[in-house]
Amino acid sequence: MWLKDAPFNLKDEDIEWVENTLNSMSEEELIGQLFCPIGYSTDRDYLRNELLSFNIGGLFFRDGMGSEMQDTFSYAQKKSRIPLLIPSNLEAGGDGAAIDGTPYGKQMSVAAADDPKYAYRLGEIACTEGAALGINWAFAPVVDLDLNYHNPITNVRTYGSDVDRVIRNATEYIRAAKDCNVATSVKHFPGDGVDERDQHLVTSVNSLSVSDWDATYGRIYKAMIEAGTLTVMAGHIALPSYEKYYSESQEEKIVPATLSKALLGNLLREKLGFNGLIITDATPMVGFTSAEKRSIAIPLAIEAGCDMILFNKDLAEDYRFMMDGYQSGILSMERLIEANRRILGLKAALKLHKKKELATLVPGRDALKALKCNEHVMWSRELADKSITLVKDREGLLPISPEKTKRILLEVLGDYPSSERVLKKAKELLTKGGFEVTVYEKEDFQKGVDNVSSFHEKYDGVIYFANIENASNQTTTRLDWYTFWGQGNNVPWFVKEVPTIFVSLANPYHLLDVPMIGTYINSYSNNDYVIEATVEKLMGKSDFLGISPVDPFCGREDLKY
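This section reports on the structure supplied with the text. Please read all numbers here as calculations on a predicted model, not as lab measurements.

**Focus: the sheet that holds strand 6 (residues 183–189)**
At step 1: If you trace the seven strands from one edge of the open sheet to the other, you get 1-11-10-8-6-5-4, paired in parallel fashion. Each of the sheet's edge strands pairs with one partner strand only, and the pair in question is strand 1 (35–36) and strand 4 (87–88).
At step 2: Note: strand 10 (residues 277–282) against strand 11 (residues 308–310), two bridges, orientation parallel. The residue bridging I279 from the neighbouring strand is M308, located in strand 11.
At step 3: Each of strand 5 (137–138), strand 6, strand 8 (231–234), strand 10 and strand 11 is contacted by helix 14 (residues 333–349), which is oriented at about 100° to strand 10, the strand it contacts most.

Structure representation (structure tokens):
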């Protein structure tokens, strides 16, 4: 029985629970277990009638307050005959699960600190705090390679562009998650970061040749399998070279991995030897919805080799599509049973069946003490100190001081909910450091444009904080200015007039759009600990220690000068 093999490694008694449960399940339960929907409300009637009534196998919630999430998961587990998988995007710390969790740092921060112990700490913080809420499944680590600086969804979510660095750090995250009894789902197979497009908006393409894929993503996924990841998330990403390699027609078809027997069965299962559970990425993404009629795609994803469906356009409708697909033969009995056996096998590997008997699937209130505990905050501050990277300081502007540039124009770029917090924190720290800070407001552009003399009369220097976050459903993370014929005080026309410094809190490639700025810093994350450490380094109170995990010059010589 393959459930005895890695990564499940089940004992006979665990396999007995899997098989007994499987034999006891109705057709409706077998279909329901294939779904892991997202919850949009913690209302009990909603949970009971709109989600749990379909016998779902897992339940995902965006981050909320820790106590509310804990209560919600406790209710859901008590109302489910078969224990639920509770996943979360634990990519950057405990704040992926709870608003009041610890914001440790993006994966690229970890890579820039250049020591795998920081990757273990990321896994420990994220999974410890997630488990305190009742979460048992991390949709992490991201093992994509950041090979295209135009890609709007990878960059700081990755460990960079070096295969060995990705393997070192991702392996440590998996080790930490195991120590917390939390499953990992490495993502996004067969690998994002080559195409400049986002699978939320289009079926994106990994265009590497067979040999190049084997030498990069293939090595990574093989290492993740050997490290014991229990699950893999399949992306709506095509890999034409391998699609052709395993096809009789020899055509390079654009088929998302979520619907490809060649990529899931031949490549991931057979060639790479992965025996664990495969879950789709979110199926409302256009990369999935545009590939096939949904009534066909939902059952076909399971038949092609996925074991669970993540998120729904409409759960009731998708459930009906799955049942109809099963009854019409799109989804075979063999695959339905195999997928359920893997789902139950994952639950058994996490000892959820035993925890259900002991009523410990969700811990008590004391567990919430892990959220933002002193040790986790200390580790977050240390990561910030070790990761922030000085890319260039061409004119030697650093360190700054009130004696040299007292009157600062502070500009925060990026229209995101977090930008207000970033602005408030940066202004507070600079003011505390003795600077007179004027904040650039969007409305200032409507008031007119300073000429050179008036600009000198107002400001001694300019500091940008770019807060252009990775976000789903956006085609670019490039800079967007308020200009009229190149005029406006938010665009850096003044770099030869006053000292100008640029700090990126997210996308590490903004130098492409501001090559004229001679002092450029990548901080990779936008939590308060990072902002505090960045300002300290600007003022010379600590050294820049980070090592760039990507080429911030985008392969262009002109950006270096």
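**A word on the sheet that holds strand 14 (residues 436–439)**
At step 1: Here we have six strands laid out as an open sheet, ordered 12-17-16-15-13-14, and mixed in their pairing. Looking along the sheet, the strands with just one partner apiece sit at the ends: strand 12 (389–393) and strand 14. On average, each strand axis in the sheet is inclined to that of its neighbour by 20°, with strand direction left out of account.
At step 2: Across four bridges, the pairing between strand 13 (residues 407–413) and strand 14 is parallel.

**Notes on the state of the cysteines**
Note on terminology: a disulfide is the covalent bond linking the sulfur atoms of two cysteines.
At step 1: Under the definition given, this model contains zero disulfides.
At step 2: The structure places no disulfide on C36, whose sulfur is separated from the nearest cysteine sulfur, that of C306, by 13 Å.
At step 3: Take C36: its relative accessible area is 0%, and that puts it in the buried class.
At step 4: Between C373, a cysteine without a disulfide, and C180, which holds the nearest cysteine sulfur, the sulfur-to-sulfur distance is 12 Å.

**Examining the pairing of strand 13**
The two faces of a sheet get side chains in turn, since along a regular strand they alternate between them.
At step 1: With six of seven residues buried, strand 13 lies mostly within the body of the structure.
At step 2: Traced from strand 13 through helix 17 (residues 419–432) to strand 14, the parallel crossover comes out right-handed.
At step 3: As judged from the six bridges shared by strand 13 and strand 15 (residues 461–466), these two strands associate in the parallel manner. Bridging from a neighbouring strand, L410 pairs with I463 of strand 15.

What counts as what
Residues numbered from 1 in each chain as written. Predicted model: local features only at pLDDT ≥ 70, side-chain atom pairs only at ≥ 80, totals over all residues. Heavy atoms only, no water. Pairing = 2+ DSSP bridges. Helix = DSSP H or I, 4+ residues; strand = E, 2+ residues; numbered from the N terminus. Contact = heavy atoms within 4.5 Å. Axes fitted to C-alpha atoms, helices over the stretch in contact; angles between N-to-C directions. Disulfide = S-S within 2.5 Å. Buried < 20%, exposed > 50% of the residue type's maximum accessible area, 1.4 Å probe, protein only. Right-handed = clockwise from strand over helix to strand, strands pointing away.

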